Structures are given as structure tokens and as C-alpha cells.
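# Overview (structure and organization)
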Amino acid sequence: MKRYRKWIALVPVAALVLAACGTDEEPADEPVEEVEETEEAEEEEEAVEEEEEAEEDEEAAPVRADADLVIWADDTRRDVVEPFAEQFGDEQGISVAVQEVPFDQIRENVVIQGPAGQGPDIFIGAHDWLGEMVESGVVAPLDLGGAADDFLEVATQAFAYDGTNYGLPYAIENIALIRNTELAPEPVETLDDMVEVGLAAVEAGDADLPVAWQQDPGDPFHNYWVVTGAGGYVFGQADDGSYLADDIGIDSEGGLRAAEIFGELYEQDVLNQDISYDIMIDTFSSGRAPFAVTGPWALGDFEGVDFEVEPLPAIDGNPAGPFVGVQGFMLSAFAENELAARTFVLDFMGTADAQLELYEAGNRPPALVDAFEQVQDDPAVAGFGAAGEDGRPMPAIPEMGSVWEAWTLAYTNIFSGADPEESFEEAANQIRELIGL
Amino acid sequence: MSKAPAARVSYADRLADRLGAGSVTGLLLKLLFLGVVNGLSLYAVLTLLPMREWTPLVVVVLATVAIDWVYLSSRRIPLKFLIPGTIALLIFQVYPVLYTGYIGLTNYGTGNVLNEQQAIDRIIADSITVPDDAIRYQSTPLVDDADELALLLTDPEGEIFLGTGDGLTTLEEGDIVGEGADRRILDTYRPLTLREVGDREAEVLAFAVPIDAEDVEELAVDTEADAISVQTFNTAAVAIQRLEHDAATGEIVDLVDGTVYTAIEGTFTAEDGSTLRPGFREFIGFSNFERVLTSPAIRGPFMRVFLWTFAFAVLSVITTFVLGLALALALNDPRLKLRRTTRSLLIIPYALPSFMTALIWRGLMNTSFGPINEVLGVDIPWLTSQAFAGALPKASVLLVNLWLGFGYMFLITTGALQAMPEEVKEAARVDGASGWQILRRITLPLLLVAVGPLLIASFAFNFNNFNTVFLLTGGGPPIQGTLTPAGHTDILISFSSRLAFAGGRGQDFGLAAAISTIIFFLVAIFSYIGFKRTKVLEEIN
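The present account deals with the structure reproduced in this document. (Residues numbered from 1 in each chain as written. Chains lettered and ligands numbered in written order. Predicted model: local features only at pLDDT ≥ 70, side-chain atom pairs only at ≥ 80, totals over all residues. Heavy atoms only, no water.)

This part takes up the sheet that holds strand β11 (residues 291-294) of chain A. Residues and elements named next belong to chain A. Across the sheet, three strands lie side by side as β11-β8-β12; this open sheet has antiparallel pairing. Either end of the sheet is taken by a strand with one partner, and the two such strands are β11 and β12 (307-310). Strand-to-strand twist across the sheet, computed as the mean angle between neighbouring axes with direction ignored, equals 25 degrees. Pairing between strand β8 (residues 176-180) and β12: four bridges, direction antiparallel. When the sheet's bridge partners are listed, Ile178 is paired in β12 with Val309. Seen against the sheet, helix α15 (residues 379-388) touches β8, β11 and β12 and runs at an angle of roughly 35 degrees to β12. (Pairing = 2+ DSSP bridges. Helix = DSSP H or I, 4+ residues; strand = E, 2+ residues; numbered from the N terminus. Axes fitted to C-alpha atoms, helices over the stretch in contact; angles between N-to-C directions. Contact = heavy atoms within 4.5 Å.)

All right, on to the environment of A:Glu357 then. All names here are of chain A. Its location among the elements puts Glu357 in helix α13 (residues 352-362). Since its relative accessible area comes to 37%, Glu357 is described here as partly exposed. Here the alpha-carbon distance between Glu357 and Tyr170, two residues 187 residues apart in the chain, equals 10 Å. (Buried < 20%, exposed > 50% of the residue type's maximum accessible area, 1.4 Å probe, protein only.)

Residue and element names in this part refer to chain B. The strand order across the open sheet formed by four strands is β13-β14-β15-β16, and the pairing between neighbours is antiparallel. Strands with a single pairing partner mark the edges of an open sheet, and in this sheet they are β13 (243-246) and β16 (267-269). Averaged over all pairs of adjacent strands, the angle between their axes in this sheet comes to 30 degrees, without regard to strand direction. Of the pairings in the sheet, the one linking strand β15 (residues 260-264) to β16 comprises three bridges and is antiparallel in character. Looking at β16, one finds that Ala263 is bridged to Phe268. Packing against the sheet, helix α5 (residues 116-126) makes contact with β13, β14 (251-254) and β16, and its axis sits at approximately 150 degrees to β13.

Here the focus is the nonpolar core. A:Trp213, A:Trp225, A:Phe262, A:Phe329, A:Phe344, A:Trp407 and A:Phe424 are the most contacted members of the largest nonpolar core, which has 174 residues in total. In terms of residue count, helix α16 (residues 400-414) of chain A provides more of this core than any other element does, eight residues in total. In contact with A:Trp225, not counting residues within four places along its chain, are A:Ile175, A:Leu191, A:Met194, A:Trp213, A:Val293, A:Leu312, A:Pro313, A:Ile315, A:Ala320, A:Gly321 and A:Pro322. Listed in part, the 39 residues of the second largest apolar core include B:Ile298, B:Phe321, B:Phe495 and B:Leu511. (Core = buried A, V, L, I, M, F, W, Y, C linked by side-chain atoms within 4.5 Å.)

Our focus in this paragraph is the packing of aromatic side chains. Under the criterion given, the structure shown has 39 aromatic pairs over all chains. Taken together, a centroid distance of 5.3 Å and an interplanar angle of 55 degrees make the contact between A:Phe88 and A:Phe344 tilted. Here the residue A:Phe88 occupies a position in helix α4 (residues 75-92), and A:Phe344 occupies one in helix α12 (residues 338-349), the gap between them amounting to 256 residues. Both residues of the pair, A:Phe88 and A:Phe344, belong to the buried class. Summarising the aromatic geometry, the rings of B:Tyr95 and B:Tyr99 are spaced 5.7 Å apart at their centres and angled 25 degrees between planes, so their arrangement reads as stacked. Placement of both B:Tyr95 and B:Tyr99 in helix α4 (residues 77-104) is noted, with a separation of four residues, approximately one turn of the helix. We classify B:Tyr99 as partly exposed; its relative accessible area is 38%. Here the basic side chain of B:Arg281 rests over the ring of B:Tyr108, its NZ or CZ set 3.9 Å away from the ring centre. (Phe/Tyr/Trp six-rings, centres within 6.5 Å; stacked < 30°, edge-to-face > 60°. Lys NZ or Arg CZ within 6 Å of the ring centre and 35° of its normal.)

Residues and elements named next belong to chain A. On the surface, a cluster of negative charge is contributed by Glu189, Asp192, Asp193, Glu196, Glu264 and Glu267. Only α8 (191-203) and α10 (253-267) provide two or more residues apiece to the negative patch. With three residues, the single largest contributor to the negative patch is α8. Examined against the element boundaries, Asp192 turns out to sit in helix α8. Of the residues examined, Asp192 reaches a relative accessible area of 59% and is grouped as exposed. (Patch = residues over 30% accessible without salt bridge, like charges linked within 9 Å, V, L, I, M, F, W, Y side chains within 5 Å. Areas by Shrake-Rupley, 256 points an atom, 1.4 Å probe, with all protein chains shown as cover. Salt bridge = Lys/Arg side-chain N within 4 Å of Asp/Glu carboxyl O. Lys, Arg positive; Asp, Glu negative; His and termini not counted. Charge placed at Lys NZ, Arg CZ, Asp CG, Glu CD.)

Below, the structure is given as C-alpha cells:
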């Protein structure tokens, strides 16, 4: 009897246990987190974002939904992908879940959750994640077969890593020159023209900045077009377009010429390390700068200004090519349903319909040639497309991490009055040192 | 008549007593608490079980059993007080430190994320490729009445074949009856749905249709290719596997040129030094620590960064403490009006998330556009001046950290002052001590006994105050002429995050963990010395 009484104590315990187990039934595919998406807002902001996300991560990492085929997409693309996925699921008789995961969280969580068996089959992402993902073995190759020629060359080149293709591209993005048609009625051809028009506007009191060109404190991403125009490069490229980590071109002849140009721009008061993303946006959107050097992500803020999107001005008579970023669908190496995943990506996301819908949602030029040509009547898209024609895919190799770090500091040094060429040489040597570390 | 209820009460009390609770309410609360604990741990067990995470599983079970054992007893009173603290200490302090130390001994980082088996599977799978010039067939997976797999293949010219485990057969028009999913081929084969394929995916992916030498030549592909296999649900092509894992030796062998790759520190490496990717997580001993201590690239800026880190932490504690104490003393004077309101206002900087306020300060201190310079009508590079080893940005960081931190010091010193017996000061005053003497000889020593440990904690916190430095200056302005990127306001933790997360070949968690472990020991040593000193203080009193 005594024993029996003691066990009565366990009744409420059992009840609570059952209640606790009940939470298991929550729908797993509900939105992971409502985070305001600041997305492609560039490298230097990325550092801050990553920090923010690191904190969010402590709250919850996305966990694979309970379905045969699981796709991770950000809030912008999720709604586009979902109907296609549902159609595919219905046709094939499998269950499909499209989970919403903030863009930059997809990157780290595919690396962490994939090998743990909690990752997706398919995820959207940027091509420059490939270095980390391929080296770590969390992304699977995707053979585009004959379809490769249907996409823009820069897009397929971007998704090729060491000659193997790892994704189906859907959008490209790059920076361009945005010109305020009131302050600068005529297009500019060269960097010198741009500087001249800009400085004149400042002198006349019409503008606060000759060019709204973010640095804060130095921005290798937004400055790269000057480097390519001057004949420099960040990493050498093999014949197939893949980047070679042992050929650093920051201190090549063209690279040093670019350094000189940045020294001049600093002395002319065109550039300094105080121009942050916010200041760039504020100045141009309030009509206080004749030009802005930025990408499609900023256009939403420029609605009050009459502007044209144009190719970046030539440097020393050579066309200037910015970094081009490409977004696409990638397959997890730990997909539970590999065949279905491949079939869905190739048959459903490579169509003009899907690419156009993704374009409308995300406002980035489509990567499929057919769809790309259909949106050319949008002047902004055409402008960014033209600016990207001479662009180079942003290197995806993991060595880029040290480039961002060292090159940013080199620009900062130039904008502090240090010798430009020495600053670039120092950065190149630091990168060699870091890679060998 | 009155006996019955009395007996019932005593029964409940007896039960409560036996289960170690003082009253029935206490018993109920205890059961509720234990119920929640047990419920949560059962939930944890059910989550961990399918993931095969044995270590945390065992820990959870042991901890739960220990908690039940201790609290469901009327004895073991000391343990009841010790166990929550001990468990919290183990989970939140000891485990992270040990785990960080352990990661520091591995090569975990970009390229070494998977375990060995996952890495081998990936390497082999990646070595299977379709040659560029290979024919890609339209394909439908089939199954015959005996459940044997086959493929219905259509080449680019529209010719149709049946591919079975024995080889290719050309099909004529009449061989296929029906449409779509209802097709019957040669009366025995029917198409598989994607759902069925999903259920037997491994089998389908491994299925190969052998092709004879003649066909190989005709297909104009490499001679190693001898089979057509499934690429997607509806395409198939000749694919070549280049690498093979030898389970007996653990090596990976190149089938074309015979190169042998052996696993060295988590990477399959050939004799000539070429490697395969991905690598895998592996215990590599003290290599990371060795790199930190011997690499010239790290050692170069290390001493400067270390000295500034130390100075930053010490100065942050001193400045915040002095300002906080001064304000607390002033506001402790009863003659002051609106003391409560002022006190609440003063702790606002501390109450706001530093994440936000540090970024606001960064904007305020912007040289060309910052409100501070605009109001003053000057051009002071608060956060970017490289002159005098970045003295100005260093001062700015300290200033902002003072703003962020004095509220905390104000809070704790106010508390300590209010708890201080008024009589002691009264006695000193009677003995003719001046206000300054009372502060110097009575208030401060008493105060330091109370807040001494908190000052040490504040030192440890500021030693690793990544947020303030990273958000305010990003570690900049850069130090010119260093081997690896480093900034004048970089503290150890921000400098190492540059090295470990943004440098070299991607993220290097092993290196980061090694540096963290070293920082942990540094802070531990300083704190130990600090605690010794406060002990001395206590003994004086």
C-alpha cells in the first residue's frame, strides 16, 4: 500500500509528460522566422548582418520539414516557388514543402543542418557560397546537360566550380552607374567625365557628393570595376573561367594603376571612408548627388528621383566590369530525394515562366536567356544588364574571405592618405600570408 | 466525527513529508516542478533518440534521474541546494569550455565539416561524371512483373531502347502500348512513379545498363565508360566513376591513373601532395595552438593587440566604475531632489541594447557626416585617425564604452551604498573625520568588498567585448605594415575573428576555438589574481 501511494505522485508527472509530447505535432513547415530581409546589401553590411543572424540563430535553426521533397527559399522567392512545387508534387504523387528561411541563414544552415540530416533537398542561394559549400561537401553537382546553353554565360560560369556545375541560375545582379538626369543630363563615358560633372555640381552647390559611392571604410565590392578597367584583377582565371587562388592580381600592373586612381579620387575629394550605405542612399535619393554607384537593391529607395541606369564609366579608355553575383537553385549533398530534387529543379525552375516570375518577385534580371530578353523593355533591367556585360563572376573560392578583409583595409589606408600603391602591395602580401596560414 | 478529516489531513501531510515537502501545497508545487522537468527531458530523449546523439541523451537521462532522486526524498537536503547550481554550472560553464577546447584540437572548419564516412561518400559520388560529349537519353524508369528494374530510353534522334541489367534492346513501335503512366512495354514492364522511385532510390541510382564495346565506340566516349545510368528521373547517360574507396585499407584509389589517396589529418592526400575534397572532421592534436603561438603572421600583431586588449579592459572598468560611483554617491545624498527620476534616467544607456547604441554612436562619430562634428563645426576623425597608433579612435571606443557601461556600475554601487550601515559613517563623523576621509577610509573599502567580484567580472566581460569594438570601428583604423590585417582598436577576440572567419581559406573553427581557449586561460589567470586581491581586502575588514 505504501508503495502504491508513492507512485500516485507520478500521475501528474505522466500527464505533463504527455502534454510535452503533444508539442511534437506542431506543423513543421510553418515560417521559420519573421526576419526583415536585408539580403544582398553587400559585403560590408554582411558582416553586421551575420552578427545579427548569429544572435537569431541561438533562437532557432531551421529544421527540415516533414515532406518527401523539401525546398528552402527566402520570403521573396518562397511564394513564387511554392505553386510550382505543389504542381510537381501533385503530378508525381509526393509531398512537397517550401520552407521560408532568411537568405543568409540558408548558407550557414545548409552547412550545419545538411550533414545532420535536417537540411533541405533544394535551396536557393548565391553562387559565391559555392566555395565554402563545395569544399565542405554539402552541395551536390547538377548536370545541366544541353540546357547549359540556355543560360547567360556569366551565370553558368558563376555556378561552375572547378569545372563542375553546382546550380541552376535564376537571377544575376551587379552594380551600375545610376545617373540623376536633372543634375547630370548627359550620360558620361569616362571616369574623368563623371568626376568632372560631379565636382562641378558640388561646386555649384547643387550636390553634397560628386558621386554617392559607398565605402565605409573601404569597399572592394563597389570598387572592383575601377580595378578591372585599369587592367587589374583579384584572382587570375583559368581558361574555363575558374579562379586561381595562387595568382593574386591586386599588386599587378593594372592593380597598382587602380590604386593610383583611388589615390587621385581621394585627393579630389570624390571618395572618403565616411560614405556608408545609408549616406549613399540618403544623398542620392534626396537629389543631392548626380551619380550613385550601386545595385538593384537600392532602386526602391530612389523613387523620388529621375534617374537612368547605365554602364559604369570607362577607365583609361577600357570598359569597366563590376563583380557579378548570380543566384540559383542548388541541391544538397544530403538530399533525401535526390532524383525528385534534380527533376524538379531542371524541369520546373529552368523554364521561362518560372524565371520571369522570380524576376517579378525579386527584381533581378533573369539568368535564362529567353526570359532575360523578354524583360529588356524595363530600362533598369536593361541598364544593369548592360553594366554587367563586362562583369566577372565574383570569385566563389574560399580564399575570397581574406581578400575582403585585407583589401578593405588597403582602401581605408588610401583614404587615410597612405601611399596608394604601397597599400595595395601590402594587401596582396597579407592575402598571400593568410592563404598560406 | 472530527476524527475523519484530521486523519485525512495527516495522511496528506505524511505523504508530503515522505516526499520531502513541508506541506501539501509544497508537495503539489514540487510535483509540478518535477513533472515539468521529467516531461521536458522525455521530450529531449524522444528528440535525441532518432538523431542518435548518444552523449547528450545519456547526460539528460542521468541528470533527470539525479534530480528525481534528490527531490523525491525527505533527506539529502544539502544536495537539494547544490544540484540546480551544479547542473547549471556543468551545462552553461564547464561544457562550453570543454567543448571549445575540444574543437580547438580538431580541424573543424570550411572543408572539414563532414564525418569520415560522409566525406568518402561525397568524394566517390562527385567522381561520377557524365562526359561532355556523352549522349543524354530521355529515360523512364520501368519495373517488370518480377519487380526487376529497367529503363525506357529515347536517344536524341528519337530511337527508343529498352535498357535492362543485360544490355540495350531496340524497341519497335508496337512494343509500347498505352500512354503515360499506363504504358505497358513488351507486356511486362510498366513505368515507375517518382514516388516509387523515391522509395527505392538507392537501387535506382545504382542500376546500370551495360553497353558493349561496339556501342562504346559508337557513343564516342572514354573507354572506361561501360554502362548507362540514371541521372535524373527522366534522363540517363553514360557516366564514369573515377575514384573508389578501398574499405580494407581506408584509402581512395584513382581508377584511371592508379593514384592512392591516404587520409592525413582529415584530408585524403596523394603522395605528390594533391588532395581530394571534401575533407572530414578529425582530431589533430595541438596543431591549432601551435599555429597561434608560432605563426609569424599571427605573432606579428599579437603583442600590440594583446596590450591594447588589456588596457581597454582595465580602463573600461576604471572609467565606468569611477563615473558610476561618483554619480551614485551624489545621488545617495538625501538633500537631492528627484533622485528616483534621475536614477532611472541614468541607467537608460545600460538598459538599451548595445547592439543598437554602438551603431548609433558609429553614425554620430562619422567624420564628414556625423552630427558631433557638424554641431562642433570641426572635422575630427573620431574613429578613423591613424595618428599616434590610433590614439583618438582608442579614446573614442573607451568613451562609448564608458557611456554604455557606467549605468551598470552606477546600479551596483548604488545598491551597495544603500546597504551600507549609516552608523559606521556616523561614528566616523563623530570622531571628526572629513567627508573625503570617510569616503576614502570607510565607504570605499566597504564598497570594494561588495563590488570587487563584479569589477573582476566586468574586466572579463570587457576583455571579450566584441560587440562594442566590432560595431563601432570594426577593429579599424588599420595598422599599416602588418603581415596580417589588424586594426588599432582590435581586441584579441575581434582580431582572431578576422583570422578565423574572414581569413585564409574560409572559416576555421578549430583555430578560432584554440584562440578562445587561450583567451579563456588568460582571463582565468587575471581573474584569479583579482580574486586573491579582493580576499586581502576582505581580511582587512
